[in-house]
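# Chain and residue survey
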Amino acid sequence: MPPQARWWSITAYADDLYLFDAPNRAYSLNGDTARLDMRGQFEFTTGPARTDERHWLPTPGNGGLLLALRLYNPEPALQAAPATLLPPTIARLGDCP
Amino acid sequence: MKHWTDRRRLWFYRGLVLLSTAVLVHLAAVWAAPRLIMQMLLRATQASGVQAHNQAAFPAPVTAASRSIVLPSPDLLYSICMFDVRHGPVRVTANPQLPGYWSIALYASNSDNFYVLNDRQAHGKPVDLWLVSRDSSAKKQTVPPGSEVVITPSATGLLLMRVLTGDYDAQKTLVESARHTLHCEAV
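Residues numbered from 1 in each chain as written. Chains lettered and ligands numbered in written order. Predicted model: local features only at pLDDT ≥ 70, side-chain atom pairs only at ≥ 80, totals over all residues. Heavy atoms only, no water.

So, about the interface of chain A and chain B. Contacts between the two partners involve 21 residues from chain A, matched on the other side by 25 residues from chain B. Of the roughly 1900 Å² buried where chain A meets chain B, counting both sides, 55% is carbon and sulfur surface. Remark: the boundary between chain A and chain B carries three salt bridges. In this structure, B:Arg67 and A:Asp16 form a salt bridge, with 3.0 Å as the shortest nitrogen-oxygen distance. At the level of secondary structure, the elements contributing two or more residues to the side of chain A that touches chain B comprise β1 (5-14), β2 (28-30) and β5 (65-74) of chain A. (Contact = heavy atoms within 4.5 Å. Buried area = accessible area lost by both parts, 1.4 Å probe. Salt bridge = Lys/Arg side-chain N within 4 Å of Asp/Glu carboxyl O. Helix = DSSP H or I, 4+ residues; strand = E, 2+ residues; numbered from the N terminus.)

This next bit is on the state of the cysteines. Linking two cysteines covalently via their sulfur atoms produces the bond known as a disulfide. Residue and element names in this part refer to chain B. By the definition in use, this model includes one disulfide over all chains. Shown here is the disulfide that connects Cys81 with Cys184, its sulfur atoms set 1.9 Å apart. The chirality of the disulfide connecting Cys81 with Cys184 is left-handed, given an S-S dihedral of about -40 degrees. Highlighted residues: Cys81 in strand β1 (residues 76-84) and Cys184 in strand β8 (residues 183-186), separated in sequence by 103 residues. The exposure class assigned to Cys81 is buried, which follows from its relative accessible area of 0%. (Disulfide = S-S within 2.5 Å. Buried < 20%, exposed > 50% of the residue type's maximum accessible area, 1.4 Å probe, protein only.)

Turning to the nonpolar core, a few remarks are in order. Across soluble globular proteins, nonpolar side chains show a tendency to be buried alongside one another. B:Val92, B:Trp102, B:Leu106, B:Leu129, B:Leu131 and B:Leu159 are the most contacted members of the largest nonpolar core, which totals 27 residues. Listed by contribution, the elements that provide at least two residues to this core are β1, β2 (90-94), β3 (102-108), β4 (113-118), β5 (127-133), β7 (156-164) and α3 (168-179) of chain B. For B:Trp102, the contacting residues outside a window of four places in its chain are B:Pro96, B:Leu117, B:Asn118, B:Asp119, B:Ala122, B:Val127, B:Arg162 and B:Val163. A:Trp8, A:Ala14, A:Ala22 and B:Val62 belong to the second-largest nonpolar core, a separate cluster that totals 16 residues. (Core = buried A, V, L, I, M, F, W, Y, C linked by side-chain atoms within 4.5 Å.)

Before going further, it helps to examine the pairing of β1(A). Two faces make up the sheet, and in a regular strand the side chains alternate between them. All names here are of chain A. Of all ten residues in β1, nine are buried, a share of seventy percent or more. As paired elements, β1 and β5 share nine bridges and run antiparallel to each other. Within β5, the residue paired with Trp7 across the bridge is Tyr72. Here three bridges tie β1 to β2, and the two strands are oriented antiparallel to one another. Counterpart to Ile10 in the pairing with β2 is Leu29. (Pairing = 2+ DSSP bridges.)

This part takes up the pattern of salt bridges. On inspection of all chains with the given rule, the structure shows ten salt bridges over all chains. Its salt-bridge partner being B:Asp169, residue A:Arg25 comes within 2.8 Å of it at the nearest N-O pair. Of this pair, A:Arg25 sits in the loop between β1 and β2 while B:Asp169 is found in helix α3, placing the two residues in two different chains. When its relative accessible area of 42% is taken as the criterion, A:Arg25 is described as partly exposed. Residue classification places B:Asp169 among the exposed residues on the basis of a relative accessible area of 55%. Linking A:Glu43 and A:Arg54 is a salt bridge whose minimum nitrogen-to-oxygen distance equals 3.5 Å. With a gap of eleven residues between them, A:Glu43 in the loop between β2 and β3 (44-47) and A:Arg54 in the loop between β3 and β4 (55-58) connect regions that are remote in the sequence. By sharing partners, the salt bridges in this structure join A:Glu43, A:Asp52 and A:Arg54 into a single network.

Set out below in structure tokens:
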């Protein structure tokens, strides 16, 4: 589910904590670019190559990866108790190359 | 201390070294580091050719080539102004009419954030700030009507305007014109 905030983003960083040269400058998935399904949820795949029709967040493929979730103007309840955040779930789809 | 045994003297000096180290580490981490970081940031800005001394500057959107700050946000467009109120007030105006988030934040030379205003707090009204140092209260008399006086804790510092854009290519015209409403000038 999208985080309870006015706006959010998930950005992929290389292990040096900087952005990397992603195709089409696709550095993040966010409240503007995420497509919600019938359940109001979003899905994306992340990795060095596109593997399916879901939104693809490219990664360097030659090193570590850091995904950063940012919330802008979170809902008051979440702001009062940040630990109640339900972050997106992550599932491995295959072995690392 | 002449009655001290060698063992007690040794522990005394060990304690002294520990205390001195703790004081030095505290000063380095709490006092020097924030100032050093701000200095490095300002020098990096100048080195990149951006003219931002008491004037607004509009760096290019963050890309993989952006290496001045770790974890840069690709979803924000930045406008900056390195304010300097040593020789008088600095007036800041902006009117970013946007449906999304934007903010203007002011940082002192020790990197403390001492002022912030976002789009919700602005309620669609133009921003008009009059930056003055603590010792120039007499200058308040010249403040233009409607301008908000902001007293800066340090004579120099950084103004950072953030404009949110989740899809820069699609929103370029809107967000670029919004951030270019920032003006910053010595009075």
